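Tertiary structure, described
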Amino acid sequence: MSISIEQRRQHRLMTIEKSLAKRHRKENAFRRMGLMAVVTGMTLVAILFVSILMRGVPAFWQATFYMDVYFDPEVVQLEPKPERESGESQFAFNERYSQWLTRAGLVNWQTLIDNALEEALGEEVEPRQLRDLRALVTSGERYALRDRFVEDPALLGQTVELKMLASANVDVWIKGNIDRDLPDARQQLSAQTRTWADQLEEQGVISNAFSTSLFLNTDSRSSQASAGLAGAFMGSLFMMVVVIGLSVPLGVSSAIYLEEFAPKNRLTDLIEININNLAAVPSIVFGLLGASIFIGYLRLPLSAPLVGGLVLTLMTLPTIIIATRASLRSIPPSIRQAALGIGASRVQTVFHHVLPLALPGILTGSILGVAQALGETAPLLLIGMNAFVANVPGTPLEQSTALPVQIYLWQGNELRNFFEARTSAAIIVLLGLMLSLNALAIWLRKKFETRW
């Protein structure tokens, strides 16, 4: 009898040990799978960032000419810049000044650049080679030269050392982004232009310099080397102002009402279900809605940051409402009960006790929602923000584009050798803005968690 009991006890212990060993093996396997998933995810993210940085960072430096430009009076045949005379009306002065600007625009500024290039090359270029010569410097520099003279007419007759951007094809050639062994028929530059570019690089006339044009210029189709992100950046900034000014107050207020004051009935349940459903709706659907209502019905201006901001507000509202309600739910009921127990009203309980404690989560959800909206492209394409806009918008009602749309446009440019790196640089700028917003969310969360 005692042996039978002992055997059963031993058998039970062996069964328990096997079960524990099996459980431990499963737990260890789960830990290893979780660790592998984390390592795999971090590795893929690292590969993504490294590939973007390797392609985009070189685009922040661009082939640039450093040349002495002589403002030849025989070429720049202009009278002195008009000044307002005593007794002259403002209208008359503006008319004279406008006529002077027109004559300044008719000056052949390209000739000054041609003369500077000939001086740097140390040879006289034949007329049939002018096209090859002018392929060295981007076409937009002649307008920059005109604007510099208009700003300071005292340059007439002087020699000034100036920085000028090389053309996009020369930049590609200097950086080695094209195979130099390709036959002439497949090269983007003529043999003479390539020879001159190499010669000027050896002389130090051409060198890679930090490209301020990427940040200060707008997009350009005629002068691709000077294309920049200024217009898209301002368009995104105006849209974010609209999104923050509308989605955060409306989203937080709606969440507070639904969570703290609204009666629990079928209507509020239906509203909650629809809010959750809207959070999962593809962003392009909001673009269709915005194009139909804001542009088709309300007749708001096409391709304006205001319309883009309104569309992104509709898209961001569900995210902010859900995040705010989750933060309010995380506050223990004892806080509400204690406040009501000492005589606080319902409004005082929510705004003086519950909301301050939920503020870190609300701020985090709101900022992350805005950061998500900053990177959206599909809804903006449907409201016309993919149009070419050569000016920096001064108000949210002026036509503009946005950073993600500019990235979309550049990646489809036919001059891929140049714009592939330019696109990666724009992605770096966009990621920098989004990471800054995420860092701000973390900082605010830490600050208010410490405070409360």
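In this numbering scheme, every chain counts its residues from 1 along its sequence in written order. Where local features are concerned, this predicted model is filtered to residues with pLDDT of at least 70; where side-chain atom pairs are given and counted, the filter is 80 or more; whole-chain, interface and lining totals use all residues. Hydrogen atoms and water are omitted, and side-chain values are computed over all heavy atoms in the structure.

**Comments concerning the domain arrangement of the protein**
Much of the literature gives interface size as the accessible area that the parts lose upon coming together. Domain start and end points were adopted from an automatic or database domain assignment. Partitioning the protein into domains gives domain 1 (5–58), domain 2 (61–217) and domain 3 (230–448). Once you take the C-alpha centre of each, domain 2 and domain 3 turn out to be 44 Å apart. Pairs of residues are marked as contacts when any of their non-hydrogen atoms sit within 4.5 Å. Every contact between the two is made by 14 residues of domain 2 and, on the other side, nine residues of domain 3. Carbon and sulfur atoms make up 60% of the surface buried where domain 2 meets domain 3, a total of about 850 Å² over both sides. Any Lys or Arg side-chain nitrogen found within 4 Å of a carboxyl oxygen on Asp or Glu counts as a salt bridge. Between the two partners, domain 2 and domain 3, sit zero salt bridges. N or O atoms closer than or at 3.5 Å make up a polar contact, with two conditions inside protein: a donor-capable atom paired with an acceptor-capable one, and, for residues adjacent in sequence, both atoms drawn from side chains. The interface formed by domain 2 and domain 3 includes two residue pairs in polar contact (both at pLDDT 80 or more). Of all elements in the fold, only helix H6 (168–175) and helix H8 (213–216) reach the threshold of two or more residues within the side of domain 2 that touches domain 3. Buried surface area refers to the total accessible area, computed with a probe of radius 1.4 Å, that the two partners give up upon joining, counted for both partners together. Numbering of helices and strands starts at the N terminus; helices are DSSP runs of H or I of at least 4 residues and strands are runs of E of at least 2.

**As for the pairing of strand S1 (residues 61–70)**
Strand direction decides the pairing type here: S1 and strand S3 (residues 206–210), joined by five bridges, are antiparallel. In the strand pairing of S3, Trp 61 is matched with Phe 210. Following DSSP output, two strands are said to pair if at least two bridges run between them. Relative to strand S2 (residues 159–165), S1 runs antiparallel, the two sharing seven bridges. Of the residues in S2, the one forming a bridge with Met 67 is Leu 162.

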